[in-house]
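# Summary of structural features
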Amino acid sequence: MNGQLHTISVLVEDKPGVLTRVAGLFAARGFNIDSLAVGPTSDDGLSRMTVVVHVDRKPLEQITKQLNKLINVIKILEHDPGEAVERELMLVKVRAAGEDRPRVMEISTVFRANVVDVTRSTLTLEATGKPEKLEALLELLRDFGVIELSRTGRIALARGDKGIRERGARSKVAAVGAEEWTGGGV
Amino acid sequence: MKVTGAQALFKALEGERVDTVFGIPGGAILPAYDPLIDSKVRHVLCRHEQGAGHAAEGYAWASGRVGVAMATSGPGGCNLVTALADAKMDSVPIVAITGQVPSPVVGNDAFQEADICGITMPITKHNYLVTDANLIAETLREAFHIASTGRPGPVLVDIPKDVLLQEITWRWPEEIDLPGYKPTTKGNLRQVRSAAKMIMESKRPVLYVGGGVIKANASKELFRLAADGRLPVTTTLMARGAFPDAHELALGMPGMHGGYPAVTAMQKADLLVALGTRFDDRVTGQLAAFAPDAKIIHVDIDPAEIGKNRNADVPIVGDAKDVIAKLHAELTRQQEEAGGVPDRSEWLLTLESWKQTYPYRYDQPADGPLKPQFAIERLYEATKGDAIVVAGVGQHQMWTSQFWRFSEPRTWVNSGGLGTMGFAVPAALGAAAARPDKRVVAVDGDGCFQMTAQELATSRTENIPFITAIINNAHLGMVRQWQELFYEERYSQVYLSYDVPDYVKLAEAYGAIGLRAEHPDEVDAVIEKALSITDRSVVIDFRVDQREMCFPMVPAGASNDDIIVGPEGLRPTNEPAEAPVA
């Protein structure tokens, strides 16, 4: 895949069709979404999407500008790697019969995963953490046989004391020559 | 006051000071057509929803106000799709109102149901499905605000039938709240200063003017900037009329079929001041070879256009009117400080010599065949340019843009970005409805004309007359030209015929006057006759030389340096790889 992995937080109005608008924009401009997570925020009527895309710097800029043009998009924040807390939740059903069972349990403990369902032949684990940690866990579990897997996709918050609405949208003011970058709509 | 949703719709339209709506009724929109009878809003009953959509566009192009189209659910809305996509590409402010099947059956594959919001999401600036009649007025206010501000564009409002019938207490929302929509209109002064400085330092500047200047009503500001800064001006297809063609600093249209002076001035420039324009591929040719020595000042209201195709050295986000006025003031100040306009006489002389050496040209033999350019040029002369001219898409469009000498904004209406054949007749209808004081002339191709000619019926029954000059070369002319140039003259599916249909008879069948000219001698008399008729539409069938090609031409994908000025400049292309794709 081309380009780098970027995590973008998009604060949107909780209106019908907004997910389609955002996802459709990525598709229309030819970008693959790596993951997309949506949920409510502490503000009534606002939702937050976390979108992960593989893309180069320049097309990423175009994508964020186009996203900004969506009427229901209030704010966009691109997370610089290391400057954000990124987490994901995963549910994984793995074969764990006989001798394998204690070994799976042991791995699960190391990764601080919880067993949330048990059958005679399987264990279902719930794990949270950085995406890399989940990848590592998954890699080990593959040896036993992964039956089913469900991941939430990444969510992220920028480090520091500011919320997304107080943050300037990068250094866009200088980048685009706006008197005042209001961060939304054209 | 208790009103129905449908009544609220018309009260809201009246509140937005809408005087004209173009549309066709149908099942789901039926409730809206009842209060229409009592409304001040004029409804122009079109013959096809696509026609209604383009008419709304023509209205917006000619007047600068929001055009409105109305249609029913399903096929009605679907027929608006082309017009919406066209309006999106060309930033034309229109609002489309569609009926939807009743809310309880939405999603049920009901009769005439289509998810029009889903369908039009990528081709509108925004769209709405109204689920409660209490929201109709507010939604309409938002729709008009979004359509007409920032970078203009189409907005669709879909209203289910039961919502139109729902009884509510009328309330006009004084304010609307769109937290995610705050277009930047004021240009940054520091950037403007840098831009002015860059202009002062430039030896070979060119103003590259796009449709945004017309949308922003910034022609006067542009004129002052160009005249006081002695800056030569190119006006793109979307910007024809933004700057008078007769002015000594006017270089005309750049691009694939632009003039040599405009195309080459941009190639040789050391500075392009791009104003409300988007470095479209029809203008730049091969992007990597476009204006290789030029620094770029890019002014646009849409930040996404800046740096999209070409990096800007000085980006300025803002409304063209505001930014150009500021740039003029700042440039004037810097010029005064420097003791005058920098000496660029050599550059201006070069440009002038190109204008003398490479005008648009064609050869009209006295005994025929009739050349399309001749017909268009005579039409221009006869109207003295005092008309709104509308074009479809193809050769006739390019020739009209080339040979019509524009002097005012909003006198040119055409389909640029989407290249929508069939645009001209309905757009002329819309322009004529918007400007009954003006003569409206559609120059159309025979291929285009047949796609939307039914709106001639609308013209007759609604008494909205205009002239349509069909440049009839019996072909899909531009495609034919490409097959001649790039496909070894293997003509495939481009022949339409001169006389099927008989355009004169067709015009008469629609209640219009039909005229025909086949020989250069007949042209002036036919035009004179057409211009003498003001009470009904006229269709002129100009039967022109089918072999005439549109030049200059920069083949698609080629560098603008490789401009072909005329047929003598053609070289054979036997290498299939060289045959460009459209």
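Quick caveat: nothing in here was measured; it's all calculated off a predicted structure. Along each chain, residue indices are assigned from 1 in the same order as the chain's sequence is written. For this description, chains carry letters from A and ligands carry numbers from 1, given in the order in which they are written. Side-chain atom pairs in this predicted model are given and counted only at pLDDT of 80 or more, local residue features only at pLDDT of at least 70, and totals for whole chains, interfaces and linings cover all residues. Computation of side-chain values covers all heavy atoms of the structure but excludes hydrogens and water.

## Focus: the packing of aromatic side chains
Residue and element names in this part refer to chain B. For clarity, the cut-off: When the centres of two rings from Phe, Tyr and Trp lie within 6.5 Å, Trp using its six-membered ring, the rings pair. Their planes under 30 degrees apart give stacked, over 60 give edge-to-face, and anything left gives tilted. Secondary structure elements follow DSSP: runs of H or I no shorter than four residues count as helices, runs of E no shorter than two count as strands, and numbering proceeds from the N terminus. Buried means the residue's accessible area, taken with a 1.4 Å probe over protein chains only, is under 20% of the maximum for its type, while exposed means over 50%, and partly exposed covers the values in between.
In the structure shown here, the tally under the stated rule is 14 aromatic pairs over all chains. Relative to Trp172, the ring of Trp170 has its centre 6.2 Å away and its plane inclined at 25 degrees; by these criteria the two rings are stacked. Note on Phe279 and Phe290: the rings are 6.2 Å apart at their centroids and 85 degrees apart in plane angle, and the pair reads as edge-to-face. A residue pair is termed long-range when its members are at least 10 positions apart, and Phe279 in the loop between strand E12 (271-275) and helix H13 (281-284) and Phe290 in the loop between H13 and strand E13 (295-300) qualify at 11 residues. As far as the burial class goes, Phe279 and Phe290 line up, both buried. By way of ring pairs, the aromatic residues Tyr260, Trp347, Trp354 and Tyr358 are connected into one cluster.

## Focus on the environment of Asp437(B)
All names here are of chain B. Using the following cut-off: Polar contacts, as used here, are pairs of N or O atoms within 3.5 Å; protein pairs need one atom able to donate a hydrogen and one able to accept it. Residues neighboring in sequence count only if both atoms are side-chain atoms.
Structurally, the position occupied by Asp437 is in the loop between helix H18 (424-434) and strand E17 (440-445). We classify Asp437 as exposed; its relative accessible area is 56%. C-alpha of Asp437 to C-alpha of Leu222: the two residues are 215 residues apart in sequence and 26 Å apart in space. Looking at Asp437, its side chain comes within polar contact range of the side chain of Arg435, at 2.8 Å.

## A word on the sheet that holds strand E3 (residues 42-45) of chain B
By way of backbone hydrogen bonds, the strands of a sheet pair with one another, either parallel or antiparallel. Residue and element names in this part refer to chain B. For clarity, the cut-off: Being paired, for any two strands, means DSSP has found at least two bridges between them. In this analysis an axis means a line fitted to C-alpha atoms, helices contributing only their contacting stretch, and an angle means the value between N-to-C directions, from 0 to 180 degrees. When checking whether two residues touch, look at their non-hydrogen atoms; a contact exists if any pair is within 4.5 Å.
The sheet built from six strands is open, its strands ordered E3-E2-E4-E5-E7-E6 with parallel pairing. Two strands bound the open sheet, and with one partner strand each, they are E3 and strand E6 (126-129). In this sheet, neighbouring strand axes are inclined to one another by 20 degrees on average, regardless of whether the strands run parallel or antiparallel. Of the pairings in the sheet, the one linking strand E2 (residues 20-23) to E3 comprises four bridges and is parallel in character. Bridged to Thr20 within E3 is Arg42. Helix H7 (residues 136-148) rests against strand E4 (67-71), strand E5 (94-100), E6 and strand E7 (154-160) of the sheet, and its axis sits at about 165 degrees to E7.

## Some words on the pattern of salt bridges
Oppositely charged side chains may form a pair once their charged atoms are brought near each other. This is how it is decided: Definition used for salt bridges: Asp or Glu carboxyl oxygen within 4 Å of a side-chain nitrogen of Lys or Arg.
Applying the stated criterion across every chain yields a total of 38 salt bridges over all chains. A salt bridge links Arg103(A) to Asp100(A); its shortest N-O distance comes to 3.3 Å. Of the two residues, Arg103(A) and Asp100(A) both sit in helix H3 (residues 100-110), three residues apart, roughly one turn of that helix. The class of Arg103(A) is partly exposed, set by a relative accessible area of 45%. Using a relative accessible area of 24% as the deciding quantity, one classes Asp100(A) as partly exposed. Lys197(B) serves as the salt-bridge partner of Glu201(B), at 3.3 Å between the closest nitrogen and oxygen. Of the two residues, Glu201(B) and Lys197(B) are both situated in helix H9 (residues 189-201); the distance of four residues between them amounts to about one turn of the helix. Relative accessible area serves as the criterion here: at 49%, Glu201(B) is assigned to the partly exposed category. Judged by relative accessible area, which is 48%, Lys197(B) ranks as partly exposed.

## With respect to helix H1 (residues 5-15) of chain B
Of all the residues in H1(B), the buried ones are Gly5(B), Ala6(B), Ala8(B), Leu9(B), Phe10(B), Ala12(B) and Leu13(B). Following H1(B) by one or two positions, Arg17(B) adopts a phi angle in the positive range, close to 60 degrees.

## Overview of the state of the cysteines
Residues and elements named next belong to chain B. To keep it simple, the criterion reads: Any cysteine sulfur atom paired with another within 2.5 Å is treated as part of a disulfide.
According to the stated counting rule, one finds zero disulfides over all chains in the structure shown. Of all cysteine sulfurs, the one in Cys78 lies closest to Cys117, which takes part in no disulfide; the gap is 12 Å. Note on Cys117: relative accessible area 11%, which makes it buried. Between Cys550, a cysteine without a disulfide, and Cys448, which holds the nearest cysteine sulfur, the sulfur-to-sulfur distance is 13 Å. Residue Cys550 is classed as buried on the basis of its relative accessible area, which comes to 0%.

## Quick notes on the side chain of Asp300(B)
Residue and element names in this part refer to chain B. Rule in force here: Positive charges come from Lys and Arg, negative ones from Asp and Glu, while His and the chain ends are left out of the count.
Note that Asp300 resides in strand E13. Buried Asp300, no salt bridge; nearest opposite-charge side chain is Arg151, N-O distance 5.4 Å. At 2.8 Å, the side chain of Asp300 and the backbone nitrogen of Asp302 are in polar contact. Among all residues touching Asp300, those that are not within four sequence positions of it are Gly276, Thr277, Glu305, Ile306, Ile316, Val317 and Gly318.

## Quick notes on the environment of Arg57(A)
All names here are of chain A. By the element assignment, Arg57 lies in helix H2 (residues 57-69). Between the alpha carbons of Arg57 and His6 there is a distance of 9.1 Å; along the sequence they are 51 residues apart. A polar atom in the side chain of Arg57 sits 2.8 Å from the side chain of Glu78.

## Points about the domain arrangement of chain B
All names here are of chain B. Where we set the bar: What counts as a domain boundary in this text is fixed by an automatic or database domain assignment. Note on terms: buried area is the combined drop in 1.4 Å-probe accessible area of two parts once they are placed together, counting the loss on both.
Partitioning chain B into structural domains gives domain 1 (2-169), domain 2 (189-357) and domain 3 (372-550). Its C-alpha centre places domain 1 at a distance of 37 Å from the equivalent point of domain 2. Each partner contributes residues to the interface: domain 1 has seven residues there, and domain 2 has six residues. Both faces combined, the contact of domain 1 with domain 2 buries some 630 Å², and carbon together with sulfur accounts for 60% of it.

## Remarks on the packing of helix H16 (residues 372-383) of chain B against helix H23 (residues 520-532) of chain B
Residues and elements named next belong to chain B. What counts is decided by this rule: Every angle not falling under 35 degrees, over 145, or within 65 to 115 is termed oblique; those three ranges are roughly parallel, roughly antiparallel and roughly perpendicular. Note on convention: the crossing is left-handed when the near helix lies turned anticlockwise from the far helix by less than a right angle, right-handed when the turn is clockwise.
In contact at an axis separation of 10 Å, H16 and H23 are set at 40 degrees when each is read in the N-to-C sense. Comparing their axes, H23 and H16 come out oblique. Between H16 and H23 lies a crossing of right-handed hand. Listed contacts from H23 to Phe374, Ala375, Arg378, Leu379, Ala382 and Thr383 of H16 are Pro520, Val523, Asp524, Ile527 and Leu531.

## Describing the pairing of strand E9 (residues 205-209) of chain B
Residue and element names in this part refer to chain B. Counting buried positions along E9 yields five of five residues, so the element is predominantly enclosed. Of the two faces of E9, the one holding Pro205, Leu207 and Val209 and the one holding Val206 and Tyr208 are both buried throughout. Taken together, the five bridges between E9 and E12 define a ladder with parallel strand orientation. When the bridges of E12 are listed, Leu207 appears paired with Val273. Where E9 meets strand E10 (residues 233-235), three bridges bridge the pair, whose relative direction is parallel.

## Re the domain arrangement of chain A
Residue and element names in this part refer to chain A. Our working definition: Three categories are distinguished: nonpolar for Ala, Val, Leu, Ile, Met, Phe, Trp, Tyr, Cys and Pro, charged for Asp, Glu, Lys and Arg, and polar for the others, with Gly belonging to the last.
Assigned domains of chain A: these are domain 1 (4-83 + 159-176) and domain 2 (85-155). In this structure, domain 1 and domain 2 have C-alpha centres spaced 30 Å apart. On the side of domain 2, six residues touch domain 1, which itself brings nine residues to the contact. Across the contact surface, domain 1 and domain 2 share zero salt bridges. Applying the counting rule to domain 1 against domain 2 returns three residue pairs in polar contact (both at pLDDT 80 or more). Looking at the side of domain 1 that touches domain 2 element by element, the count peaks at three residues for strand E2 (residues 33-40). Taken together, the residues that form the side of domain 1 that touches domain 2 break down as four nonpolar, four polar and one charged.

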